[in-house]
Amino acid sequence: MQVTGFSKLSKTEKINWLLKNYLSDNQEAERVIKQYWNSDKALQELHDGFTENAITNFYLPYGIAPNFLIDNKLYAIPMVIEESSVVAAASKAAKFWADKDGFKTEILGNTKIGHIHFTYTGSTAELIGFFRKIRNEMLQKLNPLQQNMKKRGGGIQDINLIDKTTKIPDYYQIEFKFDTVDAMGANFINTVLEEAAAFLQQKAGEMLTGNLQIVMSILSNYTPDNLVRASVSCPVSELAIDGLTGEQYIQKFLMAVKIAEKEIYRAVTHNKGIMNGIDAVVIATGNDFRAVEASAHAYASHQGVYSGLTHAKLENGIFTFWIDIPLALGTVGGLTVLHPLAKFSLQLLQNPTAKQLMKIVASAGLAQNFAAINSLITSGIQKGHMKMHLNNLLNFLNANEQERQKAISYFSDKKVNFNELKKILNR
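Keep in mind that this is a model prediction, so the values were computed, not measured.

Participant: Sorry if this is basic, but what is going on with the overall build of the chain here?
Facilitator: A count of helical and extended segments in the chain gives 16 helices and ten strands. Considered along the principal axes of its C-alpha atoms, the chain spans approximately 85 × 70 × 40 Å. By the burial criterion, 44% of the 427 residues in the chain qualify as buried. Across the chain, every contact between residues at least 6 apart in sequence was considered, and the portion connecting residues at least 24 apart equals 70%.

See the structure below:
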C-alpha cells in the first residue's frame, strides 16, 4: 500500500502503519520490534538519527580477536559479524603468527580520488588550453574549503584534465587527488568537487566557444592509490602442520593461493573470506564497509582479470604470505565520533591514526585468509566452521541445556551434521 508523508510520522505511528498494512496487527511482530529498543532514551534517539524511517535496532555480535602482533605491538581487535567461526579463525591465526614475529605492514599510498564528470562539444585542444589557464585560479578558489585539512597535513594534491572521448563521445573528467589524513573524507571531497564544478561551469561560459555541461561531481570509492600491505613470514621448518611436513604444507598452500589468483570461481570465495575479517573490523570502527568492499573487489580486477587479493612465495627456505589492499578509512568524523561502540573500538585499538587503522584492518583480512586456506588444505573447512555453527543449530532446534551438552560431547571428534544432530536430540 502506498503512503504519503511516511517520514513525517512518529516512530510509533510508523510501526502502527506497518502492523496494520503488512503484519495483520501481529502483536508478536510488535513485541519483536520494541524489544530491541534501547532502554536509554537518549541513546535510542542517537541511533534513530543514523538513518531515515528508523523503527528499531538490528543487533550484531561484537566479538574480540586477541593476540594480534602487528609491527611489534599487540592488539585485541574488535569484530562485528554474525558468521560463525570468523572471530575464532582470526584469533587462532593471530596467535599462530604472534609466535613467529607477527604481522608486518607498510602504507603503499595514501591518495583518494574524485572527479568532475562533464561533456564538451568543441575542440579538445581549446579545452586543454582553457584548463591550463584556469587551473591555478581554481586551486585558489578552493583554498578556503581546505584550510582545516591543510592544517592537518592534507588537502588537494593534484588536479588534471582527462580525455575520455575514446570511451564516450564528448566525455571528459577533471580528476582531483586528495590526502584526507585521518578522515575518510567523503564530505570534504564532494564539497570541494561541487565548488570546483560551479567555478568550471562559470569560466567555461566566459572563455570557451564550445558547450561545456557538468554531468556530476563525486568522489570515487575506488582507491587503488590508498593502499596498504600486510605480510607474515617464517622458515619452512615452522610449518609442519596436521601431519604434513613443512615442505608438503607449503606446496599445498602455494597451490591454493595460485588457484585463487587464476581461477575466478575460487577467487571470489577466497576474497569473500578476506572480507569476512576486514568488514568485521570496518563495521566495528564505524567505517563504510560497502565502500571498502567495492574498492577491494575492483582492485582484485586491476590487472584485467578478477584475482585473489593475497599472494605467497617461497624463497631461500622462507615462506611469505601477504596482501595488498586499498582501504579508505577514517578515525575522525562520521560514526567514528557518534556511535558509542565505534568510539570504544578505536579506544580499544589505542586510538590509531587512519594509516594505523589501515594496517590493523589489512592484518585482520590476512589472518582470516590464512585461517581459511589452512583449514582447506588440512582438515577441511567444515570441521571447524560447523562446530562453531553447532550453537546456532541447537538454538534453532530449541535444545535444552542437557541436550546441548550431549550434542557437544557427541560431536567433539566428529563433523557436525544437521540430520545426525536431530537424531541425537530425538533420542
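Participant: It is not clear to me how the environment of Lys422 should be interpreted in this structure. Could you clarify?
Facilitator: Residue position: Lys422 is located in helix α16 (residues 418–426). Given the relative accessible area of 34%, Lys422 is considered partly exposed. Each C-alpha atom of the pair Lys422 and Pro66 lies 34 Å from the other, and the pair is 356 residues apart in sequence.

Participant: Explanation requested: the layout of surface pockets in the structure shown.
Facilitator: Take a probe with the size of a water molecule and roll it over the atoms, and the empty space left behind shows itself. In this model, the largest pocket occupies a volume close to 1400 Å³. Lining the largest pocket are 44 residues, with Phe50, Ile283, Gly286, Leu335 and His339 positioned closest to its centre. Elements with a contribution of two residues or more to the lining of the largest pocket: α3 (41–48), α7 (186–207), α9 (264–284), α10 (289–299), α11 (335–338) and α12 (340–348). Broken down by element, the residue count for the lining of the largest pocket peaks at four residues, all from α3. Split into classes, the residues belonging to the lining of the largest pocket amount to 24 nonpolar, 16 polar and four charged.

Participant: Is there a simple way to explain the nonpolar core in this structure?
Facilitator: In globular proteins that are soluble, nonpolar side chains generally tend to be buried together. Grouped together as the largest cluster of nonpolar side chains are 63 residues, with contacts concentrated most on Phe68, Phe253, Phe321, Ile325 and Leu327. Considering each element in turn, this core owes the most residues, twelve residues, to helix α13 (residues 354–377). In this view, Leu327 contacts Thr223, Asn226, Val228, Ile278, Val292, Met358, Val361 and Ala362; residues no more than four positions away in its chain are not counted. Counting 31 residues, the second-largest nonpolar core is a separate cluster that includes Phe178, Ile189, Leu193 and Ala197.

Participant: Where do I start with the pattern of salt bridges in this structure?
Facilitator: Enumeration over the complete set of coordinates arrives at 13 salt bridges. For Lys34, the salt bridge is made with Glu30, and the minimal N-O distance between the two is 2.9 Å. Taken together, the residues span about one helical turn, with Lys34 and Glu30 both in helix α2 (residues 27–35) at a distance of four residues. Between Asp288 and Arg290 there is a salt bridge, and its shortest N-O distance comes to 3.2 Å. On the basis of relative accessible area, Asp288 is assigned to the partly exposed category, the value being 27%. The exposed category is assigned to Arg290, whose relative accessible area is 52%. When salt bridges with common partners are traced through the structure, they connect Glu106, Arg229 and Asp324 into a single cluster.

Participant: How should helix α8 (residues 246–262) be read in this particular structure?
Facilitator: For α8, which comprises 17 residues, the first-to-last C-alpha distance of 24 Å matches the rise-based estimate of 24 Å (1.5 Å per residue) to within 8%. All of the buried residues in α8 are Gly246, Tyr249, Ile250, Phe253, Leu254, Ala256, Val257 and Ala260. One side of α8 carries all its buried residues, which in axial view fall inside an arc of 160°. When the buried face of α8 is taken as reference, the exposed residues oriented beyond 90 degrees from it are Glu247 and Lys262. For α8, the elements touching its buried residues are α9, β9 (310–315), β10 (318–326) and α13.

Participant: Would you mind going over the sheet that holds strand β5 (residues 155–163) with me for this structure?
Facilitator: Strands in a sheet are paired, the pairing made by backbone hydrogen bonds, and the direction either parallel or antiparallel. The four strands lie next to each other as β5-β6-β4-β7, forming an open sheet whose pairing is antiparallel. Of all strands in the sheet, those bounded by a partner on one side alone are β5 and β7 (211–219). Direction aside, neighbouring strands of the sheet carry axes that sit 20° apart on average. Strands in contact with helix α5 (residues 124–142) are β4 (112–121), β5, β6 (171–179) and β7; relative to β5, the strand with the most contacts, it is inclined by about 165°.

Participant: How do you make sense of unusual backbone geometry when you look at a structure like this?
Facilitator: Outside of glycine, negative phi angles account for most residues, and trans bonds account for most peptide bonds. Unlike most non-glycine residues, Gln350 shows phi in positive territory, near 65°. Examined against the element boundaries, Gln350 turns out to sit in the loop between α12 and α13. Overall, Gln350 belongs to the partly exposed group, its relative accessible area being 39%. With a phi angle near 50°, Asn351 is a residue other than glycine that sits in the positive phi range. One can find Asn351 in the loop between α12 and α13.

Thresholds applied
- Residues numbered from 1 in each chain as written.
- Predicted model: local features only at pLDDT ≥ 70, side-chain atom pairs only at ≥ 80, totals over all residues.
- Heavy atoms only, no water.
- Helix = DSSP H or I, 4+ residues; strand = E, 2+ residues; numbered from the N terminus.
- Buried < 20%, exposed > 50% of the residue type's maximum accessible area, 1.4 Å probe, protein only.
- Contact = heavy atoms within 4.5 Å.
- 1 Å grid on protein atoms, 1.4 Å probe; cavity = no way out; pocket = protein on both sides within 12 Å on 5 of 7 lines; lining within 4 Å.
- Points joined across faces, edges and corners; volume = space filled by probe spheres on them.
- Nonpolar A, V, L, I, M, F, W, Y, C, P; charged D, E, K, R; others polar.
- Core = buried A, V, L, I, M, F, W, Y, C linked by side-chain atoms within 4.5 Å.
- Salt bridge = Lys/Arg side-chain N within 4 Å of Asp/Glu carboxyl O.
- Expected span 1.5 Å × (residues − 1).
- Arc of directions from axis to C-beta.
- Pairing = 2+ DSSP bridges.
- Axes fitted to C-alpha atoms, helices over the stretch in contact; angles between N-to-C directions.

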